[in-house]
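Analysis of the macromolecular model
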Amino acid sequence: LDTKKKKALIKSKRANYPKFSPDGKSILFVAHKNSTSQLYTMDLASKKIKQITENMGDVQIITPNWKLDGKAIAFAMSGPDGAMDIYVIDVQTRALKKITDSADADAFPVWHPNNEQISYTGYYNNSPNLYTYNFKTNQTVQNTDLWNMYWSMDWNKALSTVTVMTLNTTDSSRIVEIDPSRSV
């Protein structure tokens, strides 16, 4: 910011969706080769890049998000069938868990501070709404049922809510706080 200079960290990988790790020592990103997306991390000190996923074929990944302890990553992924679901991958073991299973798209996972839940946007019935998945119970709760279309963005520590953005259906989009324990 002081020098107003920018520096490319990653070149020739078609990288997007960057996220700093919770400890600030690395960056998580999605990169594409042909029609295959992979998750990568880059150590900021050494600039070493590590591939996290080993996808093959037509696989797309979007909206990854670090677990707050840095041990896992939640993200949205679709295969050749086009069904976009939420997955969680353990960073060390590479164990993959599918959280949602729907013909409609799911994206924008947000970890809760207790690391026991994630909220995400489910695009069911052509109307994006907020849902919360509990890892202990393997249950999902629908948090909203509104026409505004909610995209989950981040966790609000001060309010213990999920910060969401609405579609700009009237004059502009809005930022809204949703209690993840809310049920429709």
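Higher on the page you've got the structure.
To keep things clear, this report deals only with the structure shown in the data block. Computed from a predicted structure; not experimentally measured.

**Some points on unusual backbone geometry**
For K4, which is not glycine, the phi dihedral falls at a positive 60 degrees. Residue class for K4 comes out exposed when judged on its relative accessible area of 73%. Although it is not a glycine, F108 adopts a positive phi angle of roughly 55 degrees. Mapped onto the elements of the fold, F108 is located in strand β9 (residues 106–111).

**So, the pattern of salt bridges**
Going through the model one piece at a time under the given rule, you end up with three salt bridges. The shortest N-O distance in the salt bridge between K98 and D101 comes to 3.3 Å. You can call K98 partly exposed: its relative accessible area is 38%. Salt-bridge contacts for E116 lead to K136; the nearest nitrogen and oxygen are separated by 3.3 Å. Taken together, the residues E116 in the loop between β9 and β10 (117–122) and K136 in the loop between β11 (129–134) and β12 (139–142) connect sequence positions 20 residues apart.

**Details of the nonpolar core**
Ranked by internal contacts, the top residues of the largest apolar core, which has 14 residues, are I86, V88, I99, W111, I118 and Y120. Of all the elements in the fold, those that place two or more residues in this core are β6 (72–78), β7 (84–90), β9, β10 and β11. Counting 13 residues, the second-largest nonpolar core is a separate cluster that includes L28, V30, F75 and I89.

**A closer look at the packing of aromatic side chains**
Taken as a whole and judged by the stated rule, the model has six aromatic pairs. Seen in terms of ring centroids, F29 and Y40 are 5.4 Å apart; in terms of plane orientation they differ by 10 degrees. Their pairing is stacked. Here F29, found in strand β2 (residues 26–33), pairs with Y40, found in strand β3 (residues 36–43); they are 11 residues apart in sequence, far enough to count as distant. Side by side, F29 and Y40 carry an identical accessibility label, which is buried. Ring centres of Y124 and Y131 lie 4.9 Å apart, and the angle between their planes is 70 degrees; this geometry places the pair in the edge-to-face category. Across the pair, Y131 and Y124 agree in class, each one buried. By way of ring pairs, the aromatic residues W111, Y133 and F135 are connected into one cluster.

**Observations concerning the environment of I86**
With respect to the helices and strands, the residue I86 is situated in strand β7. Looking at I86, the relative accessible area reads 0%, which means it is buried. Between the C-alpha atoms of I86 and N138, which are 52 residues apart in sequence, the distance is 13 Å.

Reading the values: rules and limits
Residues numbered from 1 in each chain as written. Predicted model: local features only at pLDDT ≥ 70, side-chain atom pairs only at ≥ 80, totals over all residues. Heavy atoms only, no water. Buried < 20%, exposed > 50% of the residue type's maximum accessible area, 1.4 Å probe, protein only. Helix = DSSP H or I, 4+ residues; strand = E, 2+ residues; numbered from the N terminus. Salt bridge = Lys/Arg side-chain N within 4 Å of Asp/Glu carboxyl O. Core = buried A, V, L, I, M, F, W, Y, C linked by side-chain atoms within 4.5 Å. Phe/Tyr/Trp six-rings, centres within 6.5 Å; stacked < 30°, edge-to-face > 60°.

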